Amino acid sequence: MLWFKCDEIIPGVAIAVGFIAICLGGFFLSYEYDPIVNVEILCSMAEEGENQRDIFRQAGKTAVILGHTGETGRVLVKLLAQEKLFKKVTLIGRREIPLDKEVVGPEFEQKVVDFEKLDDYEEDFKGHDVGFWCLGTTKAKSGEEGFKRVDYDYVLKTAELAKSGGMKHLQFMSTHSADHTSSLLYTRTKGQVEEALKVMHFERLSILRPAVLMVDRQESRKMEAFARFVLTPVSKLFPTAITVPIEYVATAMINIAVSTTDKNCETFENKEIHVLSGKSPICQKKEKTKTK
Ligand SMILES: NC(=O)c1ccc[n+]([C@@H]2O[C@H](COP(=O)([O-])OP(=O)(O)OC[C@H]3O[C@@H](n4cnc5c(N)ncnc54)[C@H](OP(=O)(O)O)[C@@H]3O)[C@@H](O)[C@H]2O)c1
């Protein structure tokens, strides 16, 4: 009897699964093949990034990273240590972590601050040319109020201090679909921060909107780990649709820093971050079609 019922159900289930797979495939395809309007500019920024490095090094600039103990921050520290692009890199966080002296040179300095008393640390925010803001928490970890405190209050207060301290270029790690009118706390908060940063009028503000970060996270986040597990095959089939490897984000940040622009404010979506990293085949494909 039971076998008979299963037999009846299986074709229906197979059709439903097939239908869902087609819908999801269509959804990912539409993201994957969504054209990038300014792809030439982005490719040249990625390439310029490669060529500009010597000129940039000679300028003797200084940088500050917020969130250096997090996943993106740590990759950024590693890459900056390899490239030696800045004369000095200040790492501001709520705790000190051991830095690998084999990798990280003497130009890196950690500063521990109390984020509830940021005004007391004004000095630490002075004299940085470029800022990489990778700070953030989650509602699951810190609750709604805690999330807003970190992702809105801390981010903006530190940006304000750095701006008053002379910082010219801020790079802010926002998120895919950030929108200050969103009904979702996460995307709304990131969107609100973007808007608030825009009116601070940095000489240059670069907003990065990555989708799901592909990273083997040190800290256990069950939902995120599950999402990554599900999205791993998607990222192989549709690499730029809704995921981005964390190394791409950090490399894109560096390429943005060394590139030049006359824009005061620029926003980079997930696919654009892939291009800016210089690791995506998109630019090579463009180059090939040009030379044909
Ligand atoms: N995960 C994703 O898929 C994803 C996607 C798009 C955008 N983003 C955004 O990208 C940014 C970086 O992401 P990530 O995954 O690299 O971040 P992460 O690994 O969670 O690191 C976050 C950083 O913020 C610091 N932080 C957290 N709570 C703090 C608090 N209460 N006081 C002071 N510092 C605090 C952490 O310090 P401790 O090490 O001391 O905790 C750490 O340095 C975040 O803003 C995130 O929202 C993430």
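Note that the structure is predicted; figures quoted are calculated from it, not measured.

**Things to note about the domain arrangement of the protein**
Per the domain assignment, the segments of the protein are domain 1 (1-33) and domain 2 (39-291). Between the C-alpha centres of domain 1 and domain 2 there is a distance of 39 Å. When the buried area of domain 1 at its contact with domain 2 is split by residue, F28, Y31 and E32 rank highest and sum to 88% of it. If you look at where domain 1 meets domain 2, you find 0 salt bridges. Counting every contact that joins domain 1 to domain 2 gives 0 residue pairs in polar contact (both at pLDDT 80 or more). Grouping the amino acids of the side of domain 1 that touches domain 2 by side-chain chemistry returns 4 nonpolar, 1 polar and 1 charged.

**What about the nonpolar core?**
By size, the foremost hydrophobic cluster in this structure holds 45 residues, and its most contacted members are I65, L76, L80, F86, F108 and F132. Those elements that provide at least two residues to this core are α2 (39-58), β1 (62-66), α3 (71-83), β2 (88-93), β4 (130-133), α7 (246-258), α8 (270-276) and α9 (282-291). Top element by residues in this core is α7. It accounts for 9 residues. With residues near it in sequence (within four places) discarded, F86 still touches F56, K61, T62, A63, L80, E107, V130 and F132.

**Section: the packing of α3 against α7**
At a minimum axis distance of 9 Å, the contact between α3 and α7 shows a crossing angle of 55°. As far as their axial angle goes, α7 and α3 are oblique. Every pair of crossing elements has a handedness; the one defined by α3 and α7 is right-handed. Between α3 and α7, the contacting residues are E71, T72, V75, L76, L79, L80 and E83 on the first element and I246, E247, V249, A250, T251, M253 and I254 on the second.

**Examining helix α5 (residues 185-198)**
Helix length check: α5 (14 residues) gives 20 Å between terminal C-alpha atoms against 20 Å at 1.5 Å per residue, within 8%. Each element contacted by the buried residues of α5 is listed here: α4 (139-164), β5 (169-173) and β6 (204-209).

**Some thoughts on α7**
In a regular helix each residue adds 1.5 Å, so 13 residues correspond to 18 Å; α7 covers 19 Å between its end C-alpha atoms and thus fits that length. With 11 of its 13 residues buried, α7 lies for the most part within the structure. Taken together, the buried positions of α7 are occupied by I246, V249, A250, T251, A252, M253, I254, N255, I256, A257 and V258.

**Considerations on the side chain of D129**
Along the chain, D129 turns up in the loop between β3 (108-112) and β4. What makes D129 buried here is its relative accessible area of 18%. At 2.9 Å, the side chain of D129 forms a polar contact with the backbone nitrogen of T62. Residues contacting D129, with those up to four places away along its chain left out, are K61, T62, M167, K168 and H169.

About the criteria used
- Residues numbered from 1 in each chain as written.
- Predicted model: local features only at pLDDT ≥ 70, side-chain atom pairs only at ≥ 80, totals over all residues.
- Heavy atoms only, no water.
- Domains from an automatic or database assignment.
- Buried area = accessible area lost by both parts, 1.4 Å probe.
- Salt bridge = Lys/Arg side-chain N within 4 Å of Asp/Glu carboxyl O.
- Polar contact = N/O pair within 3.5 Å; in protein donor to acceptor, adjacent residues only side chain to side chain.
- Nonpolar A, V, L, I, M, F, W, Y, C, P; charged D, E, K, R; others polar.
- Core = buried A, V, L, I, M, F, W, Y, C linked by side-chain atoms within 4.5 Å.
- Buried < 20%, exposed > 50% of the residue type's maximum accessible area, 1.4 Å probe, protein only.
- Helix = DSSP H or I, 4+ residues; strand = E, 2+ residues; numbered from the N terminus.
- Contact = heavy atoms within 4.5 Å.
- Axes fitted to C-alpha atoms, helices over the stretch in contact; angles between N-to-C directions.
- Parallel < 35°, antiparallel > 145°, perpendicular 65-115°, else oblique.
- Left-handed = near helix turned anticlockwise from the far one by under 90°.
- Expected span 1.5 Å × (residues − 1).

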